[in-house]
Structures are given as structure tokens and as C-alpha cells.
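# A structural walkthrough
As a plain string of letters, each chain reads:
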Amino acid sequence: MFDKPKKEAEKPAAKASASPAPSKPAPASNSGQTTTIGASIKLNGELNGDEDLLIQGQAEGNIYLKQHNLTIGEQGVIKANAFARTITVCGTLTGDLNGVEKVTITSTGKVRGNIVSPKVILEEGATFKGSIDMDAKAAKPASQPAASAKSA
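Values in this document were obtained by computation on a predicted structure and should not be read as measured data.

Moving on, we get to the overall build of the protein chain. Assigned secondary structure in the protein chain consists of two helices and 13 strands. Burial status across the protein chain gives 25% buried among its 152 residues. Intrachain contacts of the protein chain at a sequence separation of at least 6 include 1% that bridge at least 24 residues. For the protein chain, the exposed surface amounts to about 10,000 Å²; the carbon and sulfur share of it is 54%.

In C-alpha cells:
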């Protein structure tokens, strides 16, 4: 008779100690990690972030990752303008791409839009319709030594 209340009191305590682990918040700093938007996720609006991002789902709007990497996975269907340090498209993207360092369209990638980046890679089999602007500022230093060699 007295054992029953004791056991019931122990059970909630055991449950209470087990529940904080699943609800534990993610670490504040995700340096070196990539966040994934899964294939079943649909996102509308502006997306800003300070970490690398892999999109396997659908997104519409604008994507700003400043100094981080954006990857559109093979299942990703994006209708957005994207600005990131590097952009890799393995899925489908409709919109303009602005890569600070590099934009890559893989063999499975399909892009319809304009690309502005100092380095652009189109793999064999990639589908692309739009214009490419290879940032003239990045190309200028390479051409200056050649011009000074001609004048000497």
C-alpha cells in the first residue's frame, strides 16, 4: 500500500530526467556545419543566414548568405535571387545568382537566370539560360601586368 505512492513518485522523476535531453537547444555557433532544408519543406520570402545552407526543398524569394556557401541539392527547386560566397546548383534554380567567389552548375543542375561571379563553372550536362558577368574588377589585376610589359 505504501509502496505504490513511492513508485508513482519515482516514475515522474524518471520521466522528468529523460525529457530535457530531447528538448535540448542546438548550439548557438554552427561554424563548420551546414544547415539543411529538407525535400518536404516549402519556403516563401527572404532567407538570411550566417552559416552554410543546403536546400533540398522548394524556396521562393531572395536568399542572402553573405560570406557562406549555398548549395541547391538535386531535389531543390528554387525561384529566387541568391547572393552567397559560393553557390553550387545541383537542382533547379530560376533567378539571378551572385557569387562572391564562385558559382558552379553541376551536371544535374538547371539554371535560368543571370550569373555574376569572378569564377563560373558549368559542368558537362548542365543546363543554363541567361548571361554571365565574370566580375571585371577581379579580371583587371591579371590584365595589368600584360599591359605594362607591352609598354616596356
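A word on the pattern of salt bridges. Overall, the coordinates contain one salt bridge when judged by the stated rule. The shortest N-O distance in the salt bridge between R85 and E101 comes to 3.6 Å. Pair noted here: R85 is in strand β6 (residues 77-89) and E101 is in strand β8 (residues 97-105), with a separation of 16 residues, a long-range link. A residue is classified by how much of its surface remains accessible, and R85, at 22% relative accessible area, is partly exposed. Using a relative accessible area of 41% as the deciding quantity, one classes E101 as partly exposed.

With that settled, consider the nonpolar core. One finds I55, I63, L70, I78, I87 and L97 to be the most contacted residues of the largest nonpolar core, which totals 22 residues. Where this core is concerned, the elements lending two or more residues are β3 (52-55), β4 (58-64), β5 (69-72), β6 and β8. Look past the residues within four positions of I87 in its chain and what remains in contact with it is L70, A82, L97, N98, G99, K102, V103 and T104.

We now examine the environment of T36. Examined against the element boundaries, T36 turns out to sit in strand β1 (residues 34-37). With relative accessibility at 46%, the residue T36 sits in the partly exposed group. Sequence spacing of T36 and L53 is 17 residues, and the spatial spacing of their C-alpha atoms is 5.9 Å. Ignoring any residue separated from it by four or fewer positions in sequence, one finds T36 in contact with L54 and Q56.

The next subject is the confidence of the model for the protein chain. Confidence in the prediction for the protein chain averages 79 pLDDT; 68% of positions are at 70 or higher. Low confidence marks residues 9-30, where pLDDT is under 50. Its contacts with residues over four positions away, or in another chain, come to two contacts. Confidence over residues 138-152 falls short of pLDDT 50; this stretch has one contact with residues more than four positions distant or in other chains.

There is a patch of nonpolar side chains on the surface, built from L122, I132 and M134 and spanning about 240 Å² of accessible area. One can find M134 in the loop between β13 (132-133) and α2 (136-151).

This next bit is on the environment of T127. Positionally, T127 belongs in strand β12 (residues 127-129). In this structure the C-alpha to C-alpha distance between T127 and V111, which are 16 residues apart in sequence, comes to 6.2 Å. With sequence-adjacent residues up to four places away left out, T127 is seen in contact with I105, G109, K110 and V111.

By secondary structure assignment, the location of T106 is in the loop between β8 and β9 (110-112). Judged by its relative accessible area of 11%, T106 falls in the buried class. With near-sequence residues (within four places) excluded, T106 lies in contact with T88, V89, C90, E123 and A126.

Rules used throughout
- Residues numbered from 1 in each chain as written.
- Predicted model: local features only at pLDDT ≥ 70, side-chain atom pairs only at ≥ 80, totals over all residues.
- Heavy atoms only, no water.
- Helix = DSSP H or I, 4+ residues; strand = E, 2+ residues; numbered from the N terminus.
- Buried < 20%, exposed > 50% of the residue type's maximum accessible area, 1.4 Å probe, protein only.
- Contact = heavy atoms within 4.5 Å.
- Areas by Shrake-Rupley, 256 points an atom, 1.4 Å probe, with all protein chains shown as cover.
- Salt bridge = Lys/Arg side-chain N within 4 Å of Asp/Glu carboxyl O.
- Core = buried A, V, L, I, M, F, W, Y, C linked by side-chain atoms within 4.5 Å.
- pLDDT = per-residue confidence, 0-100.
- Patch = residues over 30% accessible without salt bridge, like charges linked within 9 Å, V, L, I, M, F, W, Y side chains within 5 Å.

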